[in-house]
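Spelled out, the chains give:
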Amino acid sequence: MYQKIAGLLFITALVLSNGCGTGRYTDIKSVMGDIIDARGRFVADVKQAKTPKEAADAIIALGTEMKKLWPRYEELGKKYPELQNPDSLPLELKQLVDALSITAEQRDAELTNLLMLYPGDPVVQKALASAGSVYK
C-alpha cells in the first residue's frame, strides 16, 4: 500500500513540475510547444487542402505563426546556450527537441508534396516565398 501511495505522489509531483509552468526551461518549453502545434496544424491543413488557394492559405498561416515564434525561439537559444549541443540537452527538453525534429520532417514532406502538386502555381509560389523569409 505504501508503494502505491509513494508512486502516486511521485507521478503527481512529476506532472505538476512539468506541466504547471515551473522549472528552469518553462519559457523555451512553451515556445517549442507552440512551434510543434503550429507545424501540426499546417500538416493537417495541407492534407485537407483541395485547391492551390487552400494550400497557399495553410502555408501563409504557418508563416504568420512562425514570424511570431521564431524570433522568440532564437532569443531563448541564446539565453540557454546548453541547448545548442544535442548530446548535453537536459532530459526535460529531449522529448520536445525530438518532437520538433519530427514536425520539421513532416512540414518539409508536405511542402515537397505541395511543390509536386502545384509546381508552377503562382499563389503557392508566392506563399512559399513569404513563408521562407521567416528563417532568414
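Below or above, wherever it landed, is the structure these notes cover. (Residues numbered from 1 in each chain as written. Predicted model: local features only at pLDDT ≥ 70, side-chain atom pairs only at ≥ 80, totals over all residues. Heavy atoms only, no water.)

### What about the packing of aromatic side chains?
Each aromatic ring pair is specified by the distance between its two centres and by the angle formed by the two planes. Applying the stated rule across the entire model yields two aromatic pairs. Between W70 and Y73, the ring centres sit 5.2 Å apart and the planes meet at 35°, which makes this aromatic pair tilted. Placement of the pair is W70 and Y73 together in helix α3 (residues 52–79), with a separation of three residues, close to one helical turn. Taking relative accessible area as the criterion, W70 reaches 16% and is therefore assigned buried. (Phe/Tyr/Trp six-rings, centres within 6.5 Å; stacked < 30°, edge-to-face > 60°. Helix = DSSP H or I, 4+ residues; strand = E, 2+ residues; numbered from the N terminus. Buried < 20%, exposed > 50% of the residue type's maximum accessible area, 1.4 Å probe, protein only.)

### Structural notes on the packing of α3 against helix α5 (residues 122–132)
Running from amino to carboxyl end, α3 crosses α5 at an angle of 10°, the nearest separation of the two axes being 9 Å. Comparing the axis directions of α3 and α5 gives the class roughly parallel. Residues P52, K53, A56, I59, I60, G63 and K67 of α3 form the contact with α5, whose own contacting residues are V123, V124, A127, L128, S130 and A131. Considering only residue class, the contact of α3 with α5 consists of nine nonpolar, two polar and two charged. (Axes fitted to C-alpha atoms, helices over the stretch in contact; angles between N-to-C directions. Parallel < 35°, antiparallel > 145°, perpendicular 65-115°, else oblique. Contact = heavy atoms within 4.5 Å. Nonpolar A, V, L, I, M, F, W, Y, C, P; charged D, E, K, R; others polar.)

### Examining the nonpolar core
Formed by 31 residues in total, the largest nonpolar core has its most connected members in I28, I35, F42, I59, L83 and L114. Within the residue set of this core, elements represented by two or more residues are α2 (26–48), α3, α4 (91–117) and α5. With residues near it in sequence (within four places) discarded, F42 still touches A58, I59, L62, R107, E110, L111 and L114. (Core = buried A, V, L, I, M, F, W, Y, C linked by side-chain atoms within 4.5 Å.)

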